[in-house]
Amino acid sequence: MSGRELGFIHRFVPGTRLGAAPLLLLHGTGGNEDDLLSLGQALAPGVPLLSPRGQVLENGMPRFFRRLAEGVFDLDDLKLRAQQLARFVAEARERYDLADVPPIAVGFSNGANMAAALLLLHPDSLSAGLLFRSMVPLVPDPLPALDDVRVLIAAGRLDPIVTPAQSQALAELLGQAGAEVTLQWSNAGHGLSGDDLESAERWMAVVTAGR
């Protein structure tokens, strides 16, 4: 199901698992609302999928927020876009009659950074986060309370865009906020590897158990 309502071009795929928390799929730079649908279906079969397209264009490529340079984010725009996305999630949950449990974010690169920003700025909008190749988007003061939130950060030791130190810094920041963080390393670059997907499937099976 495709739509332009609720402020975002997006795809919604109904699920077959009653009461399951939906997945919020957040693509990387240059992606769109179709990019992560097959990944979402593989990670959590039968779970509803909600996949918006980023509203910012960088040289014609969709993103979820602006950046000033590689790894340098426009923080004012990031805060605005995170607020808009949190509102979209709330309205989509009502529109599509989704579970009482907030979505589990699955993000790659820019989408993973946006997922991290949602956790830090609008923690009630997500119940967990699977972050592929993410870094610290911003450091809010004060930090939110993420005591019941599980996060998997899938990092590549050979990633030329997100350094190991940046992945470690995000894990520490979310941990300081109380999240149960798993930092999973693979001997890969910025693209996803088989090890990333196997780790993500195992983690997702635990997080969605009983939901």
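Numbering of residues begins from 1 in every chain and follows the order in which that chain's sequence is written. Note on the predicted model: pLDDT of at least 70 is required for a residue's local features to be given, and 80 or more for side-chain atom pairs to be given and counted; whole-chain, interface and lining totals, by contrast, use all residues. Values reported for side chains reflect all heavy atoms of the structure, with hydrogen atoms and water molecules removed beforehand.

J.: Would you explain the pattern of salt bridges in this entry?
T.: Opposite charge on two side chains allows them to pair when their charged atoms are near. Put simply, a salt bridge is a Lys or Arg side-chain nitrogen that is within 4 Å of an Asp or Glu carboxyl oxygen. In total, this model carries 9 salt bridges according to the counting rule given. The salt bridge partner of Asp77 is Arg81, with a shortest N-O separation of 3.1 Å. Pair noted here: Asp77 and Arg81 are both in helix H2 (residues 75-95), with a separation of 4 residues, about one helical turn. Each member of the pair, Asp77 together with Arg81, is buried. Via salt bridges that share partners, Glu58, Arg63, Arg67 and Glu70 belong to a single interconnected network. The numbering of helices and of strands both runs from the N terminus, where a helix is a DSSP run of H or I of at least 4 residues and a strand a run of E of at least 2. Partly exposed describes any residue whose relative accessible area lies between the buried limit of under 20% and the exposed limit of over 50%, with all areas from a 1.4 Å probe on protein chains only and scaled to the type maximum.

J.: Help me understand the side chain of Arg81, please; the structure alone is not making it clear to me.
T.: Take Arg81: its relative accessible area is 14%, and that puts it in the buried class. In what follows, residue pairs with any heavy atoms lying within 4.5 Å of each other are defined as contacts. Those residues in contact with Arg81, other than ones at most four positions away along the chain, are Gln55, Val56, Phe64, Phe65, Arg66 and Met114.

J.: Please clarify how the nonpolar core should be interpreted in this entry.
T.: Within soluble globular proteins, side chains that are nonpolar generally end up buried alongside one another. Judged by nonpolar contacts, the single largest core of 42 residues is most densely connected at Phe88, Met114, Leu131, Val151 and Leu174. Secondary-structure elements contributing two or more residues to this core are strand S3 (23-26), H2, helix H3 (110-121), strand S11 (150-156) and helix H4 (164-176). Per-element accounting of this core gives the leading share, 8 residues, to H3. Those residues within four positions of Leu174 in sequence are excluded, and the remaining contacts are Leu120, Leu131, Leu146, Val151, Ile153, Ala179 and Val181. Listed in part, the 23 residues of the second largest apolar core include Leu36, Leu130, Phe132 and Val207. Side-chain atoms within 4.5 Å are what join buried Ala, Val, Leu, Ile, Met, Phe, Trp, Tyr and Cys residues into a set we call a nonpolar core.

J.: Any chance you could explain the packing of H2 against H3 here in plain terms?
T.: Between H2 and H3, the shortest axis-to-axis distance is 10 Å and the interhelical angle comes to 80°. Between H2 and H3, the angle is such that the two are roughly perpendicular. Here Leu78, Lys79, Arg81, Ala82, Leu85 and Ala86 of H2 come into contact with H3, specifically with Met114, Ala117, Leu118 and Leu121. Class assignment of the residues belonging to the contact of H2 with H3 gives a composition of 8 nonpolar, no polar and 2 charged. To get an axis, a line is fitted to the C-alpha atoms, and for a helix only the part in contact is used. The angle between two axes follows their N-to-C directions and goes from 0 to 180 degrees. Any angle that is under 35 degrees is reported as roughly parallel, and any over 145 degrees as roughly antiparallel; angles of 65 to 115 degrees are reported as roughly perpendicular and all others as oblique. Think of it as three bins: nonpolar holds Ala, Val, Leu, Ile, Met, Phe, Trp, Tyr, Cys and Pro, charged holds Asp, Glu, Lys and Arg, and polar takes everything else, Gly as well.

J.: Got a minute to help me understand the pairing of strand S9 (residues 104-108) in this structure?
T.: In the case of a regular strand, side chains alternate between the two sheet surfaces. Among the 5 residues in S9, 4 count as buried, and that is most of the element. Following DSSP output, two strands are said to pair if at least two bridges run between them. One ladder, built from 5 bridges, connects S9 with strand S10 (residues 128-132); its direction is parallel. Looking across to S10, one finds that Val106 is bridged to Leu130. Crossovers are described as right-handed under a simple rule: with the strands pointing away from the observer, the path leading from the first strand over the helix to the second runs clockwise. In terms of handedness, the path from S9 via H3 over to S10 forms a crossover that is right-handed.

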